[in-house]
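# Reading the structure
Given next are the chains, with one letter for each unit.
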Amino acid sequence: MADNTPAPKRAGAVIAGVVPGQSPRVLRAAARQAALAGTDLVIAHVDTTRFVAFEDPDGYVNPSTIDVAGASARAALAEVQTAADAALAGETVSWSVRQVIGDPALALIHLADELDASLLVVGTRKRGLGESLREFLTGSVAARLTHRQHRPVLVVPLGEPIAPEEELVWE
């Protein structure tokens, strides 16, 4: 007798939002989640030097016509690709690298919608006054992701955690 039970739907891709020079912990954690879900890993670098000028009805994103940092954006993408090659060597999960443009949280959300992603993975920021000030002014990408879309967000801690008795810089 044939089994007519439909095959389970494959989970949407896991998206890892990464920046050049970031710890490979983010990529490894994202690869682990993709492998557990039996899905692909999409590594996304957000080029914040360009912005979305307009989007066509078919979903094509038209970037700004002035690409003031084209060479640096290509270099950043190449650095992310090289880091992924090194961090994911030997992993069995299928993965690819993409560059998206604009505000990091909004660009990752747009990509997640496009791919029907099952999970977003990002890392914490480095500790320091400059990073804390930037996060205070622009908001945490992880926090913005959790408030602006419906998918789960895995935040991978980078660096040493702050001791319970230490004050956070922005408090």
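Residues numbered from 1 in each chain as written. Predicted model: local features only at pLDDT ≥ 70, side-chain atom pairs only at ≥ 80, totals over all residues. Heavy atoms only, no water.

Here we come to the sheet that holds strand 6 (residues 119–123). With respect to topology, 5 strands assemble into an open sheet ordered 5-2-1-6-7, the strand pairing being parallel. Pairing within the sheet leaves two strands with one partner each, and these edge strands are strand 5 (95–101) and strand 7 (153–156). Pairs of neighbouring strands in the sheet enclose a mean axial angle of 25°, with direction left out of account. In this sheet, strand 5 lies alongside strand 2 (residues 41–47) in parallel orientation, the contact comprising 7 bridges. What sits directly across from Val 46, in strand 5, is Val 100. (Pairing = 2+ DSSP bridges. Helix = DSSP H or I, 4+ residues; strand = E, 2+ residues; numbered from the N terminus. Axes fitted to C-alpha atoms, helices over the stretch in contact; angles between N-to-C directions.)

Across all of its chains, the model carries 3 salt bridges by this definition. Between Asp 103 and Arg 144 there is a salt bridge, with the nearest N and O atoms lying 2.7 Å from each other. Note that Asp 103 is positioned in the loop between strand 5 and helix 3 (104–115) and Arg 144 in helix 5 (residues 141–148), a separation of 41 residues in sequence. Overall, Asp 103 belongs to the partly exposed group, its relative accessible area being 28%. (Salt bridge = Lys/Arg side-chain N within 4 Å of Asp/Glu carboxyl O. Buried < 20%, exposed > 50% of the residue type's maximum accessible area, 1.4 Å probe, protein only.)

With that settled, the discussion passes to the environment of Gly 38. Relative to the helices and strands, Gly 38 is located in the loop between helix 1 (25–37) and strand 2. On the basis of relative accessibility, which here comes to 41%, the residue Gly 38 falls in the partly exposed class. Separated by 25 residues in sequence, Gly 38 and Ala 13 place their C-alpha atoms 9.0 Å apart.

Side chains three or four residues apart in an α-helix point the same way, a direct result of the helix having 3.6 residues per turn. Compared with an ideal rise of 1.5 Å per residue, which puts 13 residues at 18 Å, helix 1 spans 18 Å between its outermost C-alpha atoms and is within 8% of the ideal. Among all positions of helix 1, only Val 26, Leu 27, Ala 29, Ala 30, Ala 31 and Ala 34 are buried. Next to the buried residues of helix 1 lie strand 1 (14–18), strand 2, helix 2 (70–87), strand 6 and strand 7. (Expected span 1.5 Å × (residues − 1). Contact = heavy atoms within 4.5 Å.)

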